[in-house]
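Fold and geometry: a report
Take a look at the letters that make up each chain.
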Amino acid sequence: TDAQAAAWQWRAHDPVKNQEVVVKIIADLLVMTESERKDFAGKVQMFAGRTLAGCVMPSEVIQGDGFVAVVTPYIQAVSLRDVIDARRALGQGFTPEESLRVVLSLVGAIQAMHTASPHGALRPGNVMVTARGILLTDGVVGMCVPHDRVYARLDAHADLAVFAAPEFAHKRKPTASADLYALGMIAASLLGATLSRAGADLAALTPELQRAVSTLIEREPGKRPAGIRLLLEALTA
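The sections below set out a description of the structure shown in this document. (Residues numbered from 1 in each chain as written. Predicted model: local features only at pLDDT ≥ 70, side-chain atom pairs only at ≥ 80, totals over all residues. Heavy atoms only, no water.)

With that settled, the discussion passes to the overall build of the protein. What the protein contains, in helices and strands, is 8 helices and 9 strands. Over its C-alpha trace the protein gives a radius of gyration of 18 Å, about what one expects of a compact globule, namely 18 Å for 237 residues. Structurally, the protein occupies a C-alpha span of about 55 × 40 × 35 Å along its principal axes. The burial tally for the protein puts 43% of its 237 residues in the buried class. Long-range contacts, defined as pairs at least 24 residues apart, comprise 58% of the intrachain contacts of the protein with a sequence gap of at least 6. When the accessible surface of the protein is summed, it comes to about 12000 Å², and 55% of that surface belongs to carbon and sulfur atoms. Separation between the mean location of the 24 positive side-chain charges and that of the 24 negative ones in the protein comes to 3 Å. (Helix = DSSP H or I, 4+ residues; strand = E, 2+ residues; numbered from the N terminus. Rg over C-alpha atoms; globule rule 2.2 N^0.38 Å. Buried < 20%, exposed > 50% of the residue type's maximum accessible area, 1.4 Å probe, protein only. Contact = heavy atoms within 4.5 Å. Areas by Shrake-Rupley, 256 points an atom, 1.4 Å probe, with all protein chains shown as cover. Lys, Arg positive; Asp, Glu negative; His and termini not counted. Charge placed at Lys NZ, Arg CZ, Asp CG, Glu CD.)

Rendered as structure tokens:
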């Protein structure tokens, strides 16, 4: 019923594969015409069925009369957004060690994601926490939608916009560097920093943590780490 929702999703059973799936119908505000739905379906189809470590990838895409839907495997999980909110409701934060474990897991998943495509819409809501670890969802879907529509969607929701790299505002196509900015903002959120569209207030963090996070949330993409591998080595060190 939310007219501003980017998608509507249902849990369903695939009788052919005998597995539970999620069917996500992409809203008209992201793909407006039959031509755009066809283009979207074609792009997503290129990634359907791929297996990437730490990522929930599309299993198929369905285009019907007036709609397009992405099907993914169903996973039992809660979002990192819900975990952060639950901790805060209890007056609890994350220790630097806990935060680092989450970030290192995310780095591994992002590295795998980048072998196929930038994620394009990384935020705590599509980082899923499972009994076995962290999984990224909604990867490539954001890259297959006109990027000005993705930005308009993010811009309308302050809690989402803070994770969007500054280049989104200039309607540039998302890149791997934009995912690193989102990663930095997620790390800042875990560590208790105050987030805004202008970045994160890191004053409450130790100097070491400030240096680590600030390199990720540089306003200029060229000043962020050159790649995931270098970032992973630096975090591990």
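What follows picks up the thread again.
Turning to the nonpolar core, a few remarks are in order. Phe40 and Leu136 are the most contacted members of the largest nonpolar core, which has 58 residues in total. Among the secondary structure elements, those contributing two or more residues to this core are α1 (34-45), β4 (67-73), α2 (80-89), α3 (96-113), β7 (133-136), α6 (176-190) and α8 (228-236). Setting aside residues no more than four positions away along its own chain, phenylalanine 40 makes contact with Ile26, Val31, Val68, Val70, Val141, Cys144 and Val145. (Core = buried A, V, L, I, M, F, W, Y, C linked by side-chain atoms within 4.5 Å.)

Within the secondary structure, isoleucine 62 sits in strand β3 (residues 60-64). Separated by 133 residues in the primary sequence, isoleucine 62 and leucine 195 place their C-alpha atoms 37 Å from one another. Setting aside residues up to four positions removed in sequence, isoleucine 62 forms contacts with Phe67, Val68, Ala69 and Val71.

Here the focus is the packing of aromatic side chains. All chains considered together, the criterion is met by 0 aromatic pairs. The cationic tip of arginine 11 hangs over the ring face of tyrosine 74; the distance from NZ or CZ to the ring centre is 4.0 Å. Above the plane of the ring of phenylalanine 94 lies arginine 87, whose end atom (NZ or CZ) is 4.4 Å from the centre. (Phe/Tyr/Trp six-rings, centres within 6.5 Å; stacked < 30°, edge-to-face > 60°. Lys NZ or Arg CZ within 6 Å of the ring centre and 35° of its normal.)

We now examine the state of the cysteines. Applying the stated rule across the entire model yields 0 disulfides. As a non-bridged cysteine, cysteine 55 has cysteine 144 as the owner of its nearest cysteine sulfur, 14 Å distant. Judged by relative accessible area, cysteine 144 falls into the buried class, the value being 4%. (Disulfide = S-S within 2.5 Å.)

Within the fold, aspartate 14 resides in strand β1 (residues 7-14). Buried charge aspartate 14 goes without a salt bridge, the closest partner of opposite sign being lysine 17 at 4.8 Å. Not counting residues within four places of it along the chain, the set of residues in contact with aspartate 14 comprises Gln19, Val21 and Glu60. (Salt bridge = Lys/Arg side-chain N within 4 Å of Asp/Glu carboxyl O.)

Overall, antiparallel pairing links the 3 strands, which are arranged β5-β6-β7 in an open sheet. Among the strands making up the open sheet, the edge pair consists of β5 (78-79) and β7. Sheet analysis places β5 next to strand β6 (residues 127-130), joined by 2 bridges and oriented antiparallel. Looking at the pairing, serine 79 lines up with methionine 128 of β6. Of the strands in this sheet, β6 and β7 are in contact with α3, which crosses β7 at around 40°. (Pairing = 2+ DSSP bridges. Axes fitted to C-alpha atoms, helices over the stretch in contact; angles between N-to-C directions.)

Let us look at the pairing of β1. Pairing analysis gives 8 bridges linking β1 to strand β2 (residues 19-26), with the strands arranged antiparallel. Paired with glutamine 9 across the strands is lysine 24, a residue of β2.

One open sheet holds the 4 strands; their spatial order is β1-β2-β4-β3, and the pairing between them is antiparallel. The open sheet has two edge strands with one neighbour each: β1 and β3. Ignoring strand direction, the axes of neighbouring strands in this sheet form an average angle of 25°. As paired strands, β3 and β4 are joined by 5 bridges and run antiparallel to one another. Within β4, the position partnered with glycine 64 by the bridge is phenylalanine 67. Across the sheet, α1 is in contact with β2, β3 and β4; its angle to β3 comes to roughly 165°.

By secondary structure assignment, the location of lysine 38 is in helix α1. Separated by 24 residues in the primary sequence, lysine 38 and isoleucine 62 place their C-alpha atoms 9.7 Å from one another.

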